[in-house]
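Chain by chain, the residues:
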Amino acid sequence: IAALSKRSPSFLETISRETGMDLPIGTGQAELMSVSMAIQNLQLAAHALGLGSCCMTGPLLASDAIRTILDVRVPFELSAIIPVGRRLASPLAPPRKDVAVISEIIE
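Read on for a plain summary of the structure. These numbers were taken from a predicted model, which means no experiment stands behind them.

1. As for the side chain of Ser 5
- Of note, Ser 5 is situated in strand S1 (residues 2–6).
- Polar contacts involving the side chain of Ser 5 include one to the side chain of Ser 79, which spans 2.9 Å.
- Residues within four places of Ser 5 in sequence aside, it is in contact with Glu 31, Val 35, Pro 75, Phe 76, Glu 77 and Ser 79.

2. As for helix H2 (residues 30–48)
- Its 19 residues give H2 an end-to-end C-alpha distance of 27 Å, which sits within 8% of 27 Å, the value for a rise of 1.5 Å per residue.
- Here H2 has its buried residues at Glu 31, Val 35, Ile 39 and Ala 46. Angularly, the buried residues of H2 cover 70° about the axis, an arc narrow enough to put them on a single face. Exposed side chains of H2 directed beyond 90 degrees from the buried face belong to Asn 41, Leu 44, His 47 and Ala 48.

3. Considering the state of the cysteines
- Evaluation of the coordinates by the stated rule reveals zero disulfides.
- Free cysteine Cys 55: the closest other cysteine sulfur is in Cys 54, separated by 7.1 Å.

4. Remarks on the nonpolar core
- Within the largest apolar cluster, five residues are counted, these being Ala 3, Val 35, Ile 39, Ala 80 and Ile 82.
- Beyond its immediate sequence surroundings of up to four residues, Ala 80 is in contact with Ile 1, Ala 2, Ala 3, Ile 39, Cys 55, Met 56, Thr 57 and Leu 60.

5. Brief notes about the pattern of salt bridges
- On inspection of all chains with the given rule, the structure shows one salt bridge.
- Across the pair Arg 73 and Asp 71 runs a salt bridge whose closest N-O atoms are separated by 2.9 Å.

6. Observations regarding unusual backbone geometry
- Val 74 connects to Pro 75 through a cis peptide bond whose omega is 20°.
- Backbone geometry at Asp 71 places phi at a positive 55°, although glycine is not the residue there.
- Looking at the element boundaries, Asp 71 is found in the loop between helix H3 (63–70) and strand S3 (76–81).
- Owing to a relative accessible area of 46%, Asp 71 belongs among the partly exposed residues under this scheme.

Conventions and cut-offs
Residues numbered from 1 in each chain as written. Predicted model: local features only at pLDDT ≥ 70, side-chain atom pairs only at ≥ 80, totals over all residues. Heavy atoms only, no water. Helix = DSSP H or I, 4+ residues; strand = E, 2+ residues; numbered from the N terminus. Polar contact = N/O pair within 3.5 Å; in protein donor to acceptor, adjacent residues only side chain to side chain. Contact = heavy atoms within 4.5 Å. Expected span 1.5 Å × (residues − 1). Buried < 20%, exposed > 50% of the residue type's maximum accessible area, 1.4 Å probe, protein only. Arc of directions from axis to C-beta. Disulfide = S-S within 2.5 Å. Core = buried A, V, L, I, M, F, W, Y, C linked by side-chain atoms within 4.5 Å. Salt bridge = Lys/Arg side-chain N within 4 Å of Asp/Glu carboxyl O.

Structure (structure tokens):
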């Protein structure tokens, strides 16, 4: 599955332009965030159906060739490739880290 995104002015960019206010850092990535959430939901749905999947961005090194093969046209951009298929086995979940290792309380 090819995940595509379309660069368009976000709601915040429109408000910023109209009001003259500066955009907060990171708000220009709305399309990438949206496609990432869609990919996560796709992978959860695949898992629920007993399928395996993997979000791959390495193939983007060949994005020009992939765009040609898949006939992806501007303004769309290739964001990721998600292979989906039947698993040979279900991998065991890695052990959970202790909360003290992954968090810090700031007072």
